[in-house]
Amino acid sequence: MRLSRVHSEGSDEIVADLENTPDDSIIICEEVHKWFDDFHVLRGITTTFERGEKVVICGPSGSGKSTFIRTINRLETHQQGRIIVDGIELSDDLRNIERIRQEVGMVFQQFNLFPHLTVLQNVTLSPIWVKKMAKSDAESEALALLERVGIEEHAHKFPAQISGGQQQRVAIARALAMQPKIMLFDEPTSALDPEMINEVLDVMRELAASGMTMLVVTHEMGFAREVADRIIFIDEGAIVEEAAPAIFFDNPQNERTQLFISQTLQH
Amino acid sequence: MRGKRRVGERTPDVTIKPPTDSKSMLQWLKANLFNTWYNALLTLLAVVFLYIVFKGILSWAFTEANWNVIPANLQIFLVGAYPREEIWRVWIVIYTLALMLGLSAGIWGGLALRLAIVIGSVGGGLGIILAFFPIALSNRFGLLGGVAFLVVAFFLIRGKIGLRPWVLGGWLLSFPWTMIWLHGFAGLPTVFTSSWGGLLLTLILAAVGIVVSFPLGVLLALGRRSTLPVIKWVSTAYIETVRGVPLVTILFMAQIMVPIFLPDFRIDKILRAMLGITLFSAAYMAENVRGGLQSIPTGQYEAAHAVGLNYPLTMLLVVLPQALRSVIPAIVGQFISLFKDTSLVTVIGLLDLLGIAKTVIANPDWLGLQAEVYLFAAIVYFVFSYSMSYISLRIEDALGV
Amino acid sequence: MENNSTKSVSEKIPFWRDVRGLRVLFQVIFLVGVVLLSGILYTNMLRGLRGLGLTLNLDFLNNEAGFGIAEGIAYEPSDTYLRAFWVGVVNTIRVSVIGIACATILGLVIGIARLSSNWLVRNLAAIYIECFRNIPLLLQILFWYTAVILQLPSVRKSLTFFGHVFINQRGVYLPSPQPTSGVKIWVACLAVGFILALILYLARLRELRQMEQPGFPAKWALPTFLVVALVGWFLTPGRPFTLELPALKGFNFAGGIYLSPEFCALVIGLVMYTGAFIAEVVRSGIQSVAKGQQEAAKAIGLNEFQTLRLIVLPQALRVIAPPLTSQYLNLTKNSSLAVAIGFPDLFNIGNTMMNQTGQSIPIFGMIMISYLIISLATSAYMNWYNRRINRIGR
Ligand SMILES: Nc1ncnc2c1ncn2[C@@H]1O[C@H](COP(=O)(O)OP(=O)(O)OP(=O)(O)O)[C@@H](O)[C@H]1O
Ligand SMILES: [Mg+2]
């Protein structure tokens, strides 16, 4: 098992700590394994995310980054190990899954807006049906969120009628409407034309500044260097290295990380 | 349509006007009928064929045929044995539907409006024809009145978008409303389903078949796509068995088996036929809906889960609204085939439009008029079926699917 | 890997919140529901059958049927019910196979006519399609039966075609070929011709491969075979086959092939109706072949017919195969409308058996299983065919 510096201390202490979660850690992953049939995608991921921490996850294509962050809100099930989100263990318990999904917002590469609903309806859907909010309250909150991401004037349009960058900002507003404590981003800018990438990154910067806990899978290394508190490098389903951006980019320890950085920064 | 340009002809360099489409009759004939020697031959053959067929049909229709059989039996063709003095209840139903259609057209425009235009013009055309039939005055102008009703409803409600939920609710209620009026309630004399017949019965069977099989079909489709193996197997087995067997078999089974399996209920012949048609139609509906479900990308399910919706809410709010929209044309297509397939109830002795046609032929007063009667029934079926497929095309255009 | 912690946690989940538990629970509830429903229906059925004085078994199949069947394979009223049912199965298959063959040809012709550059032909095809698609099949069958075939002239005044084909209200009478004693000689000739043709075919195939040229491998084989067959035909003393001609004997015709009015009405109805649907399938299949393909074919100098045969049809076939399969299945199932005009297909005979024995449940089972087997066999064959054309020249 290849563990990074942080993990080489051994995981016994963390196991002992699990039951009384320290206040400042919001997600705890311990020896998370996952298989797709026989294919071992996640090979023992152990890490902790602090409240308000911004973590960028990077790694080569197919390394399991998406799979990892999708296990955190149960879009994928892990088969071994433990994931604890804000003190709630992610297990087969339906109630826990529902609670965690409300605490975790997610933004997808392909936006995945609901095409049959207007922008406003996309954002209010879950507050009305899951949080049982009154429609008028949900709408005024949604409008506030849409204003925050800068698309309040498109509230009554359908997703197909707005640009990719605008759609992705709606998707962020939709995730925020659940008032989540954690936001997951899976390559939020990869499907965008270059001129639209920044409008989305700006929203994410603003969100980071507001103190949200963020896990971001991205290839935008500039954004990583600027916003991230920590960078996790995943290869072949395991965390190879994790460090603050300065150390990660300027003084990577692992040779695979070095290779990855030299290749990425060339472009 | 342009003629072919020969090789070697050059386009001049100077800008000229494009050739106009208005061509002389002769050029058109040459381009479309006689452009090659075999097309010329085909044209000649087709003309000879047309001449023989039309001459035969027309001379039969205007000299030999006895069309009196149609107006004399018009009422039973349309409503079967439904009592003459209660026919106003059928008109109530027609007027209700015209009202609903007019309201929908006014409130939604677009698709509903096109539908109303098609149905209104077909109804108007039939109404004009009906006005010349020697029948009771109220019935003669009933259809035209219905069309007028539709138009008035349309203009009254136009643009009042706030009333949409009411109109939707109205549609939901229109089905039981229809049944109650036709069957009778409170002080009204009951008209038992056994005396429903003719075109009325045909339309009711088709409507019941589609309306009732719709929820069943959605459930079966969800079942077939379920990740729970038992539910998946049972749904699949049901769908494939029903689709592998002819409708006649299912209709006979409903007739013979229902009394055996449910001896405690007295279910009459028409209800059993409805049951058979519904169970049959549900399997086809399920396959149509499944097609729609398959067209929904997984990202939609994932996004719905990610915002915290559970399975029922995901299906109800996100997946089904999209899936069903994309299968509307397929469902209209299914309605058209069901409309034609209801004629099979003739085989189990019900008096739908075709059943009535058979009884009229067997009537000693009208002996030897098979061709006239069947042709009339064929024309009625054709008008309905063809206008529905026209509507279906319009829907496909409007939905852009 | 110590995994005890996860286990101990999952054990604490109450079952109504446990995802896996719920999955099992839902399936169990569903299954119990299905079983309960079937159970209720089953006990009702037993009660109902007892009321009718029937028991559920298949013994009756070995009893004497006692009813006559107008047409089909050899059968006497003294045969068993099982045999009677089999006659029906064979009749259904016969109608379906003939119907499918004719409907395919008709559909192909009309479908291509629908796309003809000839305005008149194109619109006639469209009118045909719309008319026959939009009128219920049962109505069409009844029309052909009662309004056309039964109204034909009587036996004495039969319509006569080519001197030996007779059509009247009792049906259609065709000459039938009968083998003579010379048929063996001709069969031997055919065998020789076949071997010759095979050799030529393989040789031509190899030649084409070596030249790496596309071509028609049976270019020499086919004419050779035909010539040998033809020469053999005329060399055989007394010809290999004679035609048995139908002739008026007493009140009816005897000899030759006889097609009953029921059979004719059923097949005509099925073919005209399904043909219209197949025409639409063919049309949309051909239209699905990209316009560029036709333009490219024109550009390399193929004429209209060559374009159709070499470029368009092979590609369209792949698109056409699946919907064509469902049309074939529809035709097979629709052949059950035979019951309306009294043609003894499997459903009609099953129905008669039910009326005689009262054993509706097992007989319905037999009918359904027969149709399911026919459907499965047809779709299995079409799937195989579909895979084959998809493999060739992808
Ligand atoms: N549903 C699935 N079934 C089987 N294998 C899968 C499935 N989803 C992902 N995989 C495989 O798991 C591996 C990890 O996939 P994942 O999507 O997590 O990679 P990634 O790091 O996000 O890559 P990328 O940068 O290309 O998005 C890949 O090899 C992929 O082929
Ligand atoms: Mg990914």
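Residues numbered from 1 in each chain as written. Chains lettered and ligands numbered in written order. Predicted model: local features only at pLDDT ≥ 70, side-chain atom pairs only at ≥ 80, totals over all residues. Heavy atoms only, no water.

## So, the sheet that holds strand β9 (residues 230–235) of chain A
The strands that make up a sheet pair up through hydrogen bonds in the backbone, lying either parallel or antiparallel.
Residues and elements named next belong to chain A.
Thinking step 1. Taking strand neighbours across the sheet as the criterion, the six strands line up as β6-β7-β8-β3-β9-β10 in an open arrangement whose pairing is mixed. Two strands in the sheet have a free side with no partner beyond their single neighbour: β6 (104–107) and β10 (238–243). The mean angle between the axes of side-by-side strands here comes to 20 degrees, regardless of whether they run parallel or antiparallel.
Thinking step 2. In the sheet, strand β7 (residues 182–186) pairs with strand β8 (residues 213–217) via five bridges, with the strands oriented parallel. Looking at β8, one finds that Met 183 is bridged to Met 214.
Thinking step 3. Of the strands in this sheet, β6 and β7 are in contact with helix α6 (residues 164–176), which crosses β6 at around 170 degrees.
Thinking step 4. Those strands touched by helix α7 (residues 194–209) are β3 (54–58), β7 and β8, and its axis lies near 145 degrees from that of β8. (Pairing = 2+ DSSP bridges. Helix = DSSP H or I, 4+ residues; strand = E, 2+ residues; numbered from the N terminus. Axes fitted to C-alpha atoms, helices over the stretch in contact; angles between N-to-C directions. Contact = heavy atoms within 4.5 Å.)

## Observations regarding the interface of chain A and chain B
Thinking step 1. Across the contact, 19 residues belong to chain A and 16 residues belong to chain B.
Thinking step 2. Around 1500 Å² of area is buried between chain A and chain B when both sides are counted, 68% of it from carbon and sulfur atoms.
Thinking step 3. If you look at where chain A meets chain B, you find one salt bridge.
Thinking step 4. Seen at the junction of chain A and chain B, the total is six residue pairs in polar contact (both at pLDDT 80 or more).
Thinking step 5. Among the secondary structure elements, those contributing two or more residues to the side of chain A that touches chain B are α3 (94–103), β6 and α4 (119–129) of chain A.
Thinking step 6. Per-element tally for the side of chain A that touches chain B: the top contributor is α4 of chain A, with three residues. (Buried area = accessible area lost by both parts, 1.4 Å probe. Salt bridge = Lys/Arg side-chain N within 4 Å of Asp/Glu carboxyl O. Polar contact = N/O pair within 3.5 Å; in protein donor to acceptor, adjacent residues only side chain to side chain.)

## Remarks on the sheet that holds strand β1 (residues 25–36) of chain A
Residues and elements named next belong to chain A.
Thinking step 1. Spatial strand order, β2-β1-β4-β5: four strands in an open sheet with antiparallel pairing. Either end of the sheet is taken by a strand with one partner, and the two such strands are β2 (39–50) and β5 (88–89).
Thinking step 2. When β1 meets β2, the two strands line up antiparallel, connected through nine bridges. Its bridge partner being in β2, Phe 36 is matched across the sheet by Phe 39.
Thinking step 3. Its contacts with the sheet place helix α2 (residues 65–72) against β1, β2 and β4 (80–85), and it is angled at close to 60 degrees to β2.

## Some thoughts on the packing of helix α5 (residues 110–131) of chain B against helix α7 (residues 142–157) of chain B
Residue and element names in this part refer to chain B.
Thinking step 1. At a closest axis distance of 7 Å, the pairing of α5 and α7 adopts a crossing angle of 155 degrees. Taken together, α5 and α7 sit at an angle that is classed as roughly antiparallel. Remark: the crossing between α5 and α7 carries left-handed chirality. In this structure, α5 contributes Leu 113, Ala 116, Gly 120, Gly 123, Gly 124, Leu 126, Gly 127, Ile 128 and Leu 130 to the contact, and α7 contributes Leu 143, Leu 144, Val 147, Leu 150 and Phe 154.
Thinking step 2. For the contact of α5 with α7, the class distribution of residues is ten nonpolar, four polar and no charged. (Parallel < 35°, antiparallel > 145°, perpendicular 65-115°, else oblique. Left-handed = near helix turned anticlockwise from the far one by under 90°. Nonpolar A, V, L, I, M, F, W, Y, C, P; charged D, E, K, R; others polar.)

## Examining empty space enclosed by the protein
Thinking step 1. Within the structure shown, the criterion is met by one cavity of 30 Å³ or more.
Thinking step 2. Considering only enclosed or pocket space, the largest cavity measures out at about 30 Å³ in volume.
Thinking step 3. In terms of lining, the largest cavity is formed by Met 106, Phe 108, Ala 171, Arg 174 and Ala 175 of chain A together with Ala 303, Ala 306 and Val 307 of chain B.
Thinking step 4. Taken together, the elements giving at least two residues each to the lining of the largest cavity come down to α6 of chain A together with α13 (298–306) of chain B. (1 Å grid on protein atoms, 1.4 Å probe; cavity = no way out; pocket = protein on both sides within 12 Å on 5 of 7 lines; lining within 4 Å. Points joined across faces, edges and corners; volume = space filled by probe spheres on them.)

## A look at the environment of Arg 230 of chain A
Residues and elements named next belong to chain A.
Thinking step 1. Counting through the fold element by element, Arg 230 comes out in strand β9.
Thinking step 2. Judged by relative accessible area, Arg 230 falls into the buried class, the value being 12%.
Thinking step 3. Along the sequence, Arg 230 and Leu 75 sit 155 residues apart, while their C-alpha atoms lie 24 Å from each other.
Thinking step 4. In contact with Arg 230, other than residues within four places in its own chain, are Thr 47, Thr 48, Phe 49, Glu 53, Lys 54, Val 55, Val 56, Glu 242, Ala 243, Ala 244 and Pro 245.
Thinking step 5. Among the polar contacts made by the side chain of Arg 230, one reaches the side chain of Glu 53 at a distance of 2.9 Å. (Buried < 20%, exposed > 50% of the residue type's maximum accessible area, 1.4 Å probe, protein only.)

## Points about the pairing of β7 of chain A
All names here are of chain A.
Thinking step 1. Across the five residues of β7, five count as buried, placing the element largely inside the fold.
Thinking step 2. Here β6 pairs with β7 via four bridges, running parallel. For Gly 105, the partnering residue across the bridge sits in β7 and is Met 183.
Thinking step 3. Regarding the hand of the β-α-β motif, the stretch spanning β7, α7 and β8 is right-handed. (Right-handed = clockwise from strand over helix to strand, strands pointing away.)

## Looking at the interface of chain C and chain B
Thinking step 1. On the chain B side, the residues contacting the 49 residues of chain C number 54 residues.
Thinking step 2. For chain C, the biggest contributors to the area lost against chain B are Asn 134, Leu 139 and Phe 364 of chain C; these three give 13% of the whole.
Thinking step 3. Put simply, chain C and chain B have zero salt bridges between them.
Thinking step 4. Those elements that provide at least two residues to the side of chain C that touches chain B are α2 (19–52), α4 (119–133), α5 (137–148), α8 (261–288), α10 (304–334), α11 (338–341), α12 (346–357) and α13 (360–391) of chain C.
Thinking step 5. Take the side of chain C that touches chain B: its biggest share by element is ten residues, from α2 of chain C.
Thinking step 6. Here the residues of the side of chain C that touches chain B are counted per class, giving 31 nonpolar, twelve polar and six charged.

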